[in-house]
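Per-entry structural report
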Amino acid sequence: MTEPLLSIRDLRTVFHTDEGLVRAVDGVSFDVNRGETVCLVGESGSGKTVTGESITRLIRTPPGEIAGGEIVFDGQDLTALSEAELRDLRGDRIAHVFQNPQGALNPVYTVGWQIVEAIQLHQDVPREEARSRGLDLLDRVGIPEATRRFDDYPHEFSGGMKQRVSLAMALATNPDLLIADEPTTALDVTIQNQILDLLTELQDEFDMSILLITHDLGVVAEVADRVVVMYAGKVMERGDVFDLFERPSHPYTRALLNCLPGRGDGARSIGGKLPSPTDPPDGCRFHPRCDYAVDACREGDQPPAYAVDGDEDHVVSCVHYGPGSDPSVVRGEDEEAVPADGGRAVDGDGGARGDDR
Amino acid sequence: MTRPLLDVEGLTKHYSITEGVLRNEVGKVRAVDGISFTVDRGETLGLVGESGCGKSTAATTALRLEEPTDGHVVFDGEDVTAYDDRELKRFRRRAQMVFQDPTSSFDPRMSIGESVAEPLRVHGMRDRERRRRIVGDLLERVGLDAADVDRYPHEFSGGQKQRIGLARALVINPDLIVADEPVSALDVSVQADILDLIDRLQREFGLAIVVISHDMGVVREVCDRVAVMYLGEIVETAPTAELFEDPQHPYTRALLGSTPVADPRRRGQGTKLTGDVPSPSDPPPGCRFHTRCPEVIPDADYDLDAETWRAVLNLRLRAASRGIDVEAVRVYAAAGDDPEAADPEAVRAEIREEFDIPATLPDPRAEEALAGALDRLVVDDVDGAAERLADAFPTVCRRERPGLVPDGTDLSAAEWAAIKEFRVWVATLVDAEREAVAERLEARCANEADREGSVDRLAVRAAFRLPEPLSDSAADRAVSAAVDALLAGRAGDAADELYDAFGPLRERACHLNRGE
């Protein structure tokens, strides 16, 4: 096992607000290996975006502050870097793509100008060469007639095309890690599909890792290698995408899957609401909304990450998976029969296998 | 009672694009281009489509929040498009709208009690105490607390605000609610709650609801029937279960196929649509979806798979819109050398690659035509190439506009459109006296009446472009019965006859299903 490209350990990001201290990210740990896609999934307010922004310290300080933990990127602790050193890293080895491509592009410059700028900011290349690289990039992200569109302004592109342009800008310096925060949320489903395909394609081509932040489990199922489920600043569950969808273990993950509308078997919402960010509940943050909460859930701190069925790569922060507890409380008896290899061996037509859809 | 609460027919909304100080019209955005649908009492109809397909405009023009350019909207036997201001206000009491963003639809300086009670006040309820009682009761019915009346919008979460939005729509006891993307601004974890609530309120209040959404999942959850829109037109309507089990229009299939499923074992299996939605100011001729349709029909019998045919057609369409920049391709093909000296073979290969067309097409005749067109492109003759491609790769999907036809009948699209137009006209007369019906009929059929000026069956059928007989015998019988009832002055019976025979039928607009 080689070193992961990005390793986040016990990250704590807080915001000092008038209402008090908001622990937006409260002890989050996960790794991103080279060439893989990790999805951070959660509702709004779960801290997934702040986690992504903490990596290159894009959060506004003050009021924000990285209060603890370490972010090791390719052997280097980013929390120890100065602002200037970070600036060299941003948009170079670590690139960002945001939800709203409109906001990421400057309306008064042509897209070509902006891509050339992105290239020249980090690499000492003549303008002509930067231009031809920019053209090549536009072509690779699937802009038809790249040469002709190069000198167009952002408003002359559709939403999907703008997102392709901002991807091209992000890829300009051949980053090792692409942090994509809800890159397809503002787009129509047919366009979303195109962009997700493109991301997967570019990942292979550029051999980069992707940290994709999304609220949409459908998107997660489509592109992720591994998944980190967040809730109220904590990691609830973490695992391989097939394991996680095959054997969702945390009650929150299960509830999140059950509330997806349109699966044909009735959506069930998660009752209650997100806990107060300034005054989170003791114990498991999810316990006030959890159907399986017992006394142990209501006291102390968030439960540690327990391995699911002895699988160290699939961990869940729930007391029912701790030593001496019985996970079937959460999962129900019938699911215990699921073979350990889960859906892994099943090929594309796996939907036929006892699937309820 | 089989008549629908709402019958929308031929609804059209065009926005003018103007230029200069004189505001000359230089073009039109065809936001909604002749759509028809009905909504029964107690029924939920979904209007679904991508952004820009005109679904929101369809709703606002149907409620006359915006003036329609053309078309009829019949609400409970009255023509909404003919209402004056006073009648419109009365109509607004019976038809309410709920908006996507619950935050911006409330005045932040008004307590929610005041906000919810506002429609009551506007419509003339002076008794403050009574207003407060009604609002408190409603808040409880949408899952909030009666004591919340004095709190302000910012104290509520998005989901709660959407509940309050529903309460405000319900406060004057409407018959119809139009909900524009009611849950898309909400987290998935609360979406199900709101959808549940909509379902429950519908049963409790016997409401007719139109839900506008881009999300097939949402539509599946709450709707009884669905109308799929693309570029201002309805391409398919069907009961929800049927639509999801057996989508008939390629666009519906593509929409369903593009919706990501929360199952990693099924990844990569969705339909992939290429390209963007064309501009509604210049919609493609023929079927509006043909520029992106993965199932577009070739006229000629070439031995090409669907993907290759699509790729060749993309080249054809791009050439026709003069969207191929040969100069740029040459720069590419030259790879840094002098573009003028670029090898023509390399340029041809580059064009093929840009359009994902294989190096040689498996069909020799198709390959010959394509090679000929590429040769012209290489010498900068884009028009010649476009012509050549258009001749060699024609498609009915571009040539002819497919109209909606109902399933299970032999009616043609034109006949079906005529029946709907006739039906909506009859529907405006259901409460009219016998004399008034005769009068209106006479006026409508004046050009077709015989010399003595009397209106007979033939005149009515001619006036409404209903050929005798219609291609479908059952339809013909129903139309004949309706015409007879109308001539006898019984408009109500005529309407019943038509709505009974042509209730909510499954419809689709696609050349693919023509032969069946």
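Here the structure is a predicted model, which means the values were calculated and not measured.

The helix and strand tally for chain B stands at 20 helices and 12 strands. Each principal axis of the C-alpha distribution contributes one length, and for chain B these read about 85 × 70 × 55 Å. Across chain B, contacts joining residues at least 24 apart in sequence account for 67% of those joining residues at least 6 apart.

With 39 residues of chain B in contact, the opposing surface of chain A contributes 40 residues. Secondary structure elements with two or more residues in the side of chain B that touches chain A: helix 6 (188-205), helix 7 (216-222), helix 9 (250-258) and helix 11 (326-334) of chain B. Considering each element in turn, the side of chain B that touches chain A owes the most residues, eight residues, to helix 6 of chain B. The residue inventory of the side of chain B that touches chain A, partitioned by class, reads 15 nonpolar, 11 polar and 13 charged.

We now examine the sheet that holds strand 8 (residues 209-214) of chain A. Residues and elements named next belong to chain A. Pairing is mixed across the open sheet formed by eight strands, whose spatial order is 6-7-8-3-9-10-12-11. Since the sheet does not close on itself, it has two edges, and those belong to strand 6 (94-97) and strand 11 (306-308), each with one partner. Within this sheet the neighbouring strands show an average axis-to-axis angle of 25°, counted without direction. Pairing between strand 6 and strand 7 (residues 177-181): four bridges, direction parallel. Following the sheet pairing, His96 is matched in strand 7 by Ile179. Docked against the sheet, helix 7 (residues 159-171) engages strand 6 and strand 7, running at close to 170° with respect to strand 6.

Attention now moves to the packing of helix 19 (residues 473-487) of chain B against helix 20 (residues 491-501) of chain B. All names here are of chain B. Contact geometry of helix 19 with helix 20 gives a least axis separation of 7 Å together with a crossing angle of 170°. With respect to helix 20, the axis of helix 19 lies roughly antiparallel. Residue-level contacts link Ala475, Ala478, Ala481, Ala482, Ala485 and Leu486 of helix 19 to Ala491, Asp493, Ala494, Glu497, Leu498 and Ala501 of helix 20.

Another point: the pairing of strand 12 (residues 311-316) of chain A. Residues and elements named next belong to chain A. Relative to strand 12, strand 10 (residues 234-240) runs antiparallel, the two being bridged by two bridges. Its bridge partner being in strand 12, Glu237 is matched across the sheet by Val316. Two strands pair when backbone bridges link them, and strand 11 and strand 12 are joined in this way by three bridges, in the antiparallel orientation. The residue bridging Val308 from the neighbouring strand is Asp311, located in strand 12.

Attention now goes to the packing of helix 8 (residues 189-206) of chain A against helix 9 of chain B. Where helix 8 of chain A contacts helix 9 of chain B, the two axes come as close as 8 Å, and the packing angle between them is 50°. By the angle class used here, helix 8 of chain A and helix 9 of chain B are oblique. Two packed elements cross with a definite hand, and for helix 8 of chain A against helix 9 of chain B that hand is left-handed. Residues Val189, Thr190 and Asn193 of chain A of helix 8 of chain A lie in contact with helix 9 of chain B, whose contacting residues are Ala254, Leu255 and Ser258 of chain B. Across the contact of helix 8 of chain A with helix 9 of chain B, the residue classes break down as three nonpolar, three polar and no charged.

All names here are of chain A. Averaged over all residues, the pLDDT of chain A equals 84, while 92% of them reach at least 70. Considering each helix and strand of chain A separately, the mean pLDDT is smallest for helix 12 (residues 328-331), with a value of 81, and largest for strand 3 (residues 37-41), with 95. Of the regions scoring below 50 in pLDDT, residues 335-357 engages in 24 contacts with residues more than four places distant in sequence or in other chains.

Before going further, it helps to examine the nonpolar core. Generally speaking, a soluble globular protein has its nonpolar side chains buried in company with each other. Judged by nonpolar contacts, the single largest core of 250 residues is most densely connected at Ala168 of chain A together with Val228, Val426 and Leu486 of chain B. Counting residues per element, this core draws most heavily on helix 6 of chain B, at eight residues. Beyond its immediate stretch of four places on either side in the chain, Ala168 of chain A contacts Ile115, Leu137, Leu138 and Val141 of chain A.

With an omega of 10°, the peptide bond between Pro62 of chain A and Pro63 of chain A qualifies as cis. Mapping Pro63 of chain A onto the fold places it in the loop between helix 1 (48-55) and strand 4 (64-73). The residue after Glu468 of chain B, namely Pro469 of chain B, is reached through a cis peptide bond having omega -5°. With respect to the helices, strands and loops of the structure, Pro469 of chain B is situated in the loop between helix 18 (457-463) and helix 19. Positive phi is not limited to glycine here, since Asp10 of chain A has a value of about 50°. Structurally, Asp10 of chain A can be placed in strand 1 (residues 6-17). With a phi close to 55°, Arg64 of chain B is a non-glycine residue in the positive phi region. Inspection of the secondary structure puts Arg64 of chain B in the loop between helix 1 (55-62) and strand 4 (70-75). Since 17 C-beta atoms lie within 10 Å of it, Arg64 of chain B is described here as partly exposed.

Turning our attention to the confidence of the model for chain B. Fine structural detail should not be taken from predicted coordinates in areas where pLDDT scores are low. This prediction gives chain B a mean pLDDT of 88; 98% of its residues lie at or above 70. For this predicted complex, the interface confidence reaches an ipTM of 0.80, while the overall pTM sits at 0.87.

Our focus in this paragraph is helix 10 (residues 306-320) of chain B. All names here are of chain B. For helix 10, with 15 residues, the first-to-last C-alpha span of 21 Å sits near the 21 Å given by 1.5 Å per residue. Burial of helix 10 is extensive: 11 of the 15 residues sit out of reach of the surface. Every buried residue belonging to helix 10 is among Trp309, Arg310, Ala311, Val312, Leu313, Asn314, Leu315, Arg316, Leu317, Arg318 and Ala319, and all of these are buried. As for helix 10, its buried residues are in contact with helix 13 (364-378) and helix 14 (382-392). Arg322 sits one or two positions beyond helix 10 and adopts a positive phi of about 55°.

Rules used in this analysis
Residues numbered from 1 in each chain as written. Chains lettered and ligands numbered in written order. Predicted model: local features only at pLDDT ≥ 70, side-chain atom pairs only at ≥ 80, totals over all residues. Helix = DSSP H or I, 4+ residues; strand = E, 2+ residues; numbered from the N terminus. Contact = placed C-beta atoms within 7 Å. Nonpolar A, V, L, I, M, F, W, Y, C, P; charged D, E, K, R; others polar. Pairing = 2+ DSSP bridges. Axes fitted to C-alpha atoms, helices over the stretch in contact; angles between N-to-C directions. Parallel < 35°, antiparallel > 145°, perpendicular 65-115°, else oblique. Left-handed = near helix turned anticlockwise from the far one by under 90°. pLDDT = per-residue confidence, 0-100. Core = buried A, V, L, I, M, F, W, Y, C linked by C-beta atoms within 7 Å. Buried ≥ 20, exposed ≤ 12 C-beta atoms within 10 Å, placed from the backbone. Expected span 1.5 Å × (residues − 1).

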